[in-house]
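Coordinates in review
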Amino acid sequence: HFLDPEIRVSQLVSLCGISEKYFTTLFTFFYKVSAKQYILNKKLEYAKTCLILTGDSISEISEKCGFSSLYYFSKLFKQRTGMTPTEYRNIQQF
């Protein structure tokens, strides 16, 4: 459900039936990142795949990946990859 725009760490915690502090400790120990960062990383990896394999617009990909706004998606994508989604798509097509 990582693509769900409404997903929250608190929902994951409630599904596990453990305290949020214990969940956070375990998650970070096993995955080396917070649950929130893990979800964002999964969304961005899926977005990269969509940029390469589909002809969907950047806006459609942003929405498909569960981002609340195109601006936030583009800003986060550039922070993490060093390029805009359009630049990433263009480089990957060669």
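This section reports on the structure supplied with the text. None of these values were measured; they are calculated from a predicted model.

**Some thoughts on a nonpolar patch on the surface**
A cluster of nonpolar side chains, contributed by Phe29, Phe30 and Tyr31, occupies part of the molecular surface with about 390 Å² of accessible area. By the secondary structure assignment, Phe30 is in helix H2 (residues 20–31).

**Some words on the state of the cysteines**
Under the counting rule described, the total for this entry stands at zero disulfides. Free of any disulfide, Cys50 has its nearest neighbouring cysteine sulfur in Cys65, separated by 4.9 Å. Relative accessible area serves as the criterion here: at 4%, Cys50 is assigned to the buried category. Overall, the relative accessible area of 0% leaves Cys65 in the buried class.

**Quick look at the environment of Gln92**
Within the element layout of this structure, Gln92 appears in helix H6 (residues 85–92). Owing to a relative accessible area of 36%, Gln92 belongs among the partly exposed residues under this scheme. In sequence terms Gln92 and Leu44 are 48 residues apart; their C-alpha atoms lie 15 Å from each other.

**Thoughts on the packing of helix H3 (residues 35–53) against H6**
Interhelical geometry of H3 versus H6 gives an angle of 55° and a closest axis separation of 9 Å. For the element pair H3 / H6, the angle class is oblique. The hand of the H3/H6 crossing is right-handed. The residues of H6 that touch H3, namely those facing Lys48, Cys50, Leu51 and Ile52, are Pro85, Tyr88, Arg89 and Gln92. Among the residues forming the contact of H3 with H6, the class breakdown is five nonpolar, one polar and two charged.

What counts as what
Residues numbered from 1 in each chain as written. Predicted model: local features only at pLDDT ≥ 70, side-chain atom pairs only at ≥ 80, totals over all residues. Heavy atoms only, no water. Patch = residues over 30% accessible without salt bridge, like charges linked within 9 Å, V, L, I, M, F, W, Y side chains within 5 Å. Areas by Shrake-Rupley, 256 points an atom, 1.4 Å probe, with all protein chains shown as cover. Salt bridge = Lys/Arg side-chain N within 4 Å of Asp/Glu carboxyl O. Helix = DSSP H or I, 4+ residues; strand = E, 2+ residues; numbered from the N terminus. Disulfide = S-S within 2.5 Å. Buried < 20%, exposed > 50% of the residue type's maximum accessible area, 1.4 Å probe, protein only. Axes fitted to C-alpha atoms, helices over the stretch in contact; angles between N-to-C directions. Parallel < 35°, antiparallel > 145°, perpendicular 65-115°, else oblique. Left-handed = near helix turned anticlockwise from the far one by under 90°. Contact = heavy atoms within 4.5 Å. Nonpolar A, V, L, I, M, F, W, Y, C, P; charged D, E, K, R; others polar.

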